[in-house]
Amino acid sequence: MTRRLWALALVWAVPLGAQSAPASLARVDSLVATGLTEEARTELSAWWGKAAPRADRDDLQRGIWLRALLTVDPTQAAVDYQRLVVEYPGGAWSDRALLRLAQIAVARRDTVKARTQVRALLRDYPASPVRAEEIGRAHV
């Protein structure tokens, strides 16, 4: 009986995180940078399942950005980009999300919506480096 109690104690003593460490967003970023998108999607999915419930505000924004970036469906990506803009105004990824929304609108030939997104980017993020680097690419 004592051996069984010790065995159970050892099983419960191993931290859950030690059994399988959650994916990190830094790892997802590095996979994206090297073009390993399928692996990045897998790692990000694992992060959403394990680490996201305990993530801080900055990591949640980064996770939403990466999910949108790695999504092959532009409609679903637009939902995440819009979420960044609405739920995290002024956030680290919101200016880029506005630009992506403008680019999606251009691809859909919705110039009115594209102009609205670009105007919001110019108005709400006057110091954003995205303005200088990317606005011209939107052709709005």
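Our subject is the structure that appears above.
Since we're looking at a predicted model, the values are computed, not measured.

### Considering the overall build of the chain
Right, on to step 1. Tallying secondary structure elements over the chain gives nine helices and zero strands in all.
Right, on to step 2. Starting at the N terminus and walking to the C terminus, you meet the elements of the chain as α-α-α-α-α-α-α-α-α.
Right, on to step 3. Per-residue burial for the chain yields a buried fraction of 32% across its 140 residues.
Right, on to step 4. Of the contacts made within the chain by residues no fewer than 6 positions apart, 45% connect residues no fewer than 24 positions apart.
Right, on to step 5. Element-wise, carbon and sulfur atoms account for 58% of the exposed surface of the chain, whose accessible area totals about 9,000 Å².

### Describing the nonpolar core
When a protein is soluble and globular, its nonpolar side chains tend to lie buried together.
Right, on to step 1. Counting 31 residues, the largest nonpolar core has Leu-44, Trp-47, Tyr-81 and Leu-84 as its most contacted members.
Right, on to step 2. Looking at this core, the elements with two or more residues in it are α3 (25-33), α4 (37-50), α5 (57-70), α6 (74-87), α7 (94-107) and α8 (111-124).

### Description of unusual backbone geometry
Right, on to step 1. Residues other than glycine seldom take positive phi values, yet Arg-109 does so here, at roughly 60 degrees.
Right, on to step 2. Within the fold, Arg-109 resides in the loop between α7 and α8.

### Notes on the packing of α4 against α5
Right, on to step 1. The contact between α4 and α5 brings their axes to 10 Å, and the two run at 145 degrees. For the pair α4 and α5, the sense of crossing is left-handed. Contacts from Thr-37, Ala-40, Arg-41, Leu-44, Trp-47 and Trp-48 of α4 reach α5 at Asp-59, Leu-60, Gly-63, Ile-64, Leu-66, Arg-67 and Leu-70.
Right, on to step 2. Among the residues forming the contact of α4 with α5, the class breakdown is eight nonpolar, two polar and three charged.

Rules of the game
- Residues numbered from 1 in each chain as written.
- Predicted model: local features only at pLDDT ≥ 70, side-chain atom pairs only at ≥ 80, totals over all residues.
- Heavy atoms only, no water.
- Helix = DSSP H or I, 4+ residues; strand = E, 2+ residues; numbered from the N terminus.
- Buried < 20%, exposed > 50% of the residue type's maximum accessible area, 1.4 Å probe, protein only.
- Contact = heavy atoms within 4.5 Å.
- Areas by Shrake-Rupley, 256 points an atom, 1.4 Å probe, with all protein chains shown as cover.
- Core = buried A, V, L, I, M, F, W, Y, C linked by side-chain atoms within 4.5 Å.
- Axes fitted to C-alpha atoms, helices over the stretch in contact; angles between N-to-C directions.
- Left-handed = near helix turned anticlockwise from the far one by under 90°.
- Nonpolar A, V, L, I, M, F, W, Y, C, P; charged D, E, K, R; others polar.

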